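Below, each chain spelled out in residue letters.
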Number of protein chains: 2
Amino acid sequence: MAIDEPIPPIPESEALDPRKVALGALLFDDPRLSGDGTVACVSCHNMALGGSDQFARSIGAGGALGVVNAPTVFNARFNFAQFWDGRAATLEDQIDGPISNPREMGSSWPEVLGKLREDREHVAAFQEIYKDGIQVVNIKDAIATFERSLTTPDSRFDRYLKGDAGALTEEEKAGYELFKMYRCVACHQGVNIGGNMFAKIGVFGDYVADRGNPTEADLGRFNVTGRSRDRHVFKVPSLRNVALTAPYFHDGSAKTLDEAVVVMAKYQLGRRISDTDLTRIVAFLQTLTGELRGQPLWQ
Amino acid sequence: MAIDEPIPPIPESEALDPRKVALGALLFDDPRLSGDGTVACVSCHNMALGGSDQFARSIGAGGALGVVNAPTVFNARFNFAQFWDGRAATLEDQIDGPISNPREMGSSWPEVLGKLREDREHVAAFQEIYKDGIQVVNIKDAIATFERSLTTPDSRFDRYLKGDAGALTEEEKAGYELFKMYRCVACHQGVNIGGNMFAKIGVFGDYVADRGNPTEADLGRFNVTGRSRDRHVFKVPSLRNVALTAPYFHDGSAKTLDEAVVVMAKYQLGRRISDTDLTRIVAFLQTLTGELRGQPLWQ
């Protein structure tokens, strides 16, 4: 069935070096990567919170407020670029951002290297895998390898795509059909049901102006390219596990899935959708929650 | 500019064997390809009528009424398949259809070969190009080569795509933006602004039932595949030169561009669009008229 659908299921993960995955997991949880020792990667990308956190904008080192909603780390490997504005091409490149951002980890690579090299166990663990021990490139490699292990296959929707017609209820199937009919799928497409293109938020209306209090972050991809047509353009976010990752949008302004769908319909499609259709689409979105390492995700 | 757009301009045509093009043109106009000598390819694919005719359904040999609207031969080479139901993969394969269809040319290849081989000039013309003279494969090659020469580049829209910002008026540009915003472009995409995918006519409503008097031809691609999900599925038609090819749809039921856009909005998008937006979209569609061999198309 999958071949005729605009969304393929999450593929089986290939073998990753288990030593790198384990070391990456340690580093992911390590607050020494932040300047004041209060923030680790996991602070904003919590495995128990859909790979994200529950805040509109995350709290960084020193209590600083981030400028955008933390995207989930789950399935991030399938995104065609990282960050809301797509400014990093790879998971490895992405790591530079939070490490040095004063509103996130507020540190620097020399500082991180210094702290980690004081830890004999870390030194040994790195040297077992990497000839040159604790280096920036190796830290990134370990963390990115760990992140590549964070795929969430086997959602009910994926089971449906693979041919299990009973994996979805009739209401959820109707929601998927509506998702395609309303052309949500025109942007939320591919294996991540998003994450493979950029789009402007606010096609049929000025989302940013209507919401009020515009910020520099609202400029989106414009901040990367400087092209005026990239104002308010963002990477289309993945809808995988979307039921777990409220609040929604780059600004975290939508508190519920219902609200998010209504706002998308208004600004991206220029229409109101009926309550019945809304209920069905949300029911479909709730089938996108997958499993991590064979276990159901925390809800 | 073209690289960021979902529609590329028509490319420059490559060199075609001018002897084949000339022979194909002769054959295209030759009523001996029909059983009763009253119909040539050009009867339904008239260069002065947008490469089509002005009828909802064409008149074939013996005055028979065709079952679908004749699609234009212009730019047919860019379609991913031929016929409304996509049953022919190539221009060469397509020719078999009208030759033998009793509602079109009502002939057969042995009959056509017999007639053409009586014509000394034709025999000589074929032998100059093809060692084995008048053969079905050579007739098809010549006609298909002629058809490949029938591209219509340099529409105002293509000039706009190539960077001539002044080629479109502000209203026409607004129409193009709406064409994208309403996601018309989700189906009418690629170099032919259509012709590269199949789609069901009647997504938000039962177009065929609402129109009444359903025919076998309304089953569309179902007639090719026998799969129930292919009922009412057709090749998305090209919008190139669409201002010249009324009436519209596989059944020729829409008499004007305005009507066609309103019906598409209703059945494919499930919405009404404002008169202002309709006017702009139609203004955009009128910029899709190209040139044939460097000359404006007859309007």
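Details of the structure are given in the entry above.
Residues numbered from 1 in each chain as written. Chains lettered and ligands numbered in written order. Predicted model: local features only at pLDDT ≥ 70, side-chain atom pairs only at ≥ 80, totals over all residues. Heavy atoms only, no water.

A. Geometry of the overall build of chain A. Check the secondary structure of chain A and you find 12 helices and four strands. Taking the principal axes of its C-alpha atoms as reference, chain A extends roughly 60 × 45 × 30 Å. The buried share of chain A, taken over its 299 residues, is 51%. Intrachain contacts of chain A at a sequence separation of at least 6 include 65% that bridge at least 24 residues. For chain A, the accessible surface area stands at approximately 13400 Å², while carbon and sulfur atoms represent 53% of it. The averaged location of the 40 negative side-chain charges in chain A is 4 Å from the averaged location of its 33 positive side-chain charges. (Helix = DSSP H or I, 4+ residues; strand = E, 2+ residues; numbered from the N terminus. Buried < 20%, exposed > 50% of the residue type's maximum accessible area, 1.4 Å probe, protein only. Contact = heavy atoms within 4.5 Å. Areas by Shrake-Rupley, 256 points an atom, 1.4 Å probe, with all protein chains shown as cover. Lys, Arg positive; Asp, Glu negative; His and termini not counted. Charge placed at Lys NZ, Arg CZ, Asp CG, Glu CD.)

B. Examining the packing of aromatic side chains more closely. All names here are of chain A. On inspection of all chains with the given rule, the structure shows 26 aromatic pairs over all chains. Of the aromatic side chains, those joined through ring pairs into one cluster are Phe157, Tyr160, Tyr176, Phe179 and Phe284. Stacked on the ring of Phe83, the Lys or Arg Arg87 has its end atom at 3.7 Å from the ring centre. The ring of Phe222 is capped by Arg231, whose NZ or CZ atom sits 5.6 Å from the centre of that ring. (Phe/Tyr/Trp six-rings, centres within 6.5 Å; stacked < 30°, edge-to-face > 60°. Lys NZ or Arg CZ within 6 Å of the ring centre and 35° of its normal.)

C. Structural view of helix 6 (residues 136-148) of chain A. Residues and elements named next belong to chain A. The first and last C-alpha atoms of helix 6 sit 18 Å apart over 13 residues, in line with the 18 Å expected at 1.5 Å per residue. Looking at helix 6, one finds that the buried residues are Asn138, Ile139, Lys140, Ala142, Ile143, Ala144, Thr145, Phe146 and Glu147. Buried residues in helix 6 make contact with helix 1 (18-28), helix 3 (91-100), helix 4 (109-117) and helix 5 (120-129). (Expected span 1.5 Å × (residues − 1).)

D. Expanded view of the interface of chain A and chain B. If you look at the interface, chain A gives 13 residues, while chain B gives 12 residues. With both sides pooled, the region where chain A packs onto chain B buries about 1100 Å², and carbon together with sulfur makes up 53% of that total. On the chain A side of the interface with chain B, the three residues burying the most area are A:Met181, A:Phe204 and A:Arg271, jointly 46% of the side's total. In this structure, the connection of chain A to chain B is made through zero salt bridges. At the junction of chain A with chain B, the criterion picks out four residue pairs in polar contact (both at pLDDT 80 or more). Residue composition of the side of chain A that touches chain B, grouped by class: six nonpolar, two polar and five charged. (Buried area = accessible area lost by both parts, 1.4 Å probe. Salt bridge = Lys/Arg side-chain N within 4 Å of Asp/Glu carboxyl O. Polar contact = N/O pair within 3.5 Å; in protein donor to acceptor, adjacent residues only side chain to side chain. Nonpolar A, V, L, I, M, F, W, Y, C, P; charged D, E, K, R; others polar.)

E. Spotlight on the relation of the copies chain A and chain B. Laying chain A over chain B is done by rotating through 180 degrees and shifting 0.0 Å along the axis; what remains is an RMSD of 0.0 Å. In short, the pair behaves as if placed about a two-fold rotation axis. Most of the interface of chain A is mirrored in chain B, where 92% of its interface residues are also at the interface. (Least-squares fit on C-alpha atoms with pLDDT ≥ 70 in both.)

F. Representation of the environment of A:Trp109 in the model. Residue and element names in this part refer to chain A. Examined against the element boundaries, Trp109 turns out to sit in helix 4. On the accessibility criterion, Trp109 (15% relative accessible area) is buried. Trp109 sits 53 residues away from Ala56 along the chain, and the two C-alpha atoms are 28 Å apart. Excluding residues within four positions of it along the chain, Trp109 makes contact with Ile95, Asp96, Ile99, Val136, Ile139 and Lys140.

G. Broad picture of the packing of helix 8 (residues 170-181) of chain A against helix 12 (residues 275-285) of chain A. Residue and element names in this part refer to chain A. The geometry of helix 8 relative to helix 12 is characterised by a closest axis approach of 7 Å and an angle of 100 degrees between their N-to-C directions. As far as their axial angle goes, helix 12 and helix 8 are roughly perpendicular. Mapping the contact onto sequence places Glu171, Glu172, Ala174, Gly175, Tyr176, Leu178 and Phe179 in helix 8 and Asp277, Thr279, Arg280, Ile281, Ala283, Phe284 and Leu285 in helix 12. Residue composition of the contact of helix 8 with helix 12, grouped by class: eight nonpolar, two polar and four charged. (Axes fitted to C-alpha atoms, helices over the stretch in contact; angles between N-to-C directions. Parallel < 35°, antiparallel > 145°, perpendicular 65-115°, else oblique.)

H. Molecular detail of helix 8 of chain A. All names here are of chain A. Over its 12 residues, helix 8 runs 16 Å from end to end, which matches the ideal 16 Å to within 8%, given 1.5 Å per residue. What helix 8 keeps buried is the set Glu172, Lys173, Gly175, Tyr176, Leu178, Phe179 and Lys180. In the core, the buried residues of helix 8 are packed alongside helix 7 (156-161) and helix 12. Positive backbone phi, approximately 65 degrees, marks Arg183, located one or two places after helix 8.

I. Geometry of the packing of helix 4 (residues 109-117) of chain B against helix 6 (residues 136-148) of chain B. Residue and element names in this part refer to chain B. Closest axis-to-axis distance for the helix 4/helix 6 pair is 10 Å, and the angle between their directions is 80 degrees. Relative to helix 6, helix 4 is oriented roughly perpendicular. Within the contact between the two elements, helix 4 uses Trp109, Val112, Leu113 and Leu116 and helix 6 uses Val136, Ile139 and Lys140. By residue class, the composition of the contact of helix 4 with helix 6 is six nonpolar, no polar and one charged.

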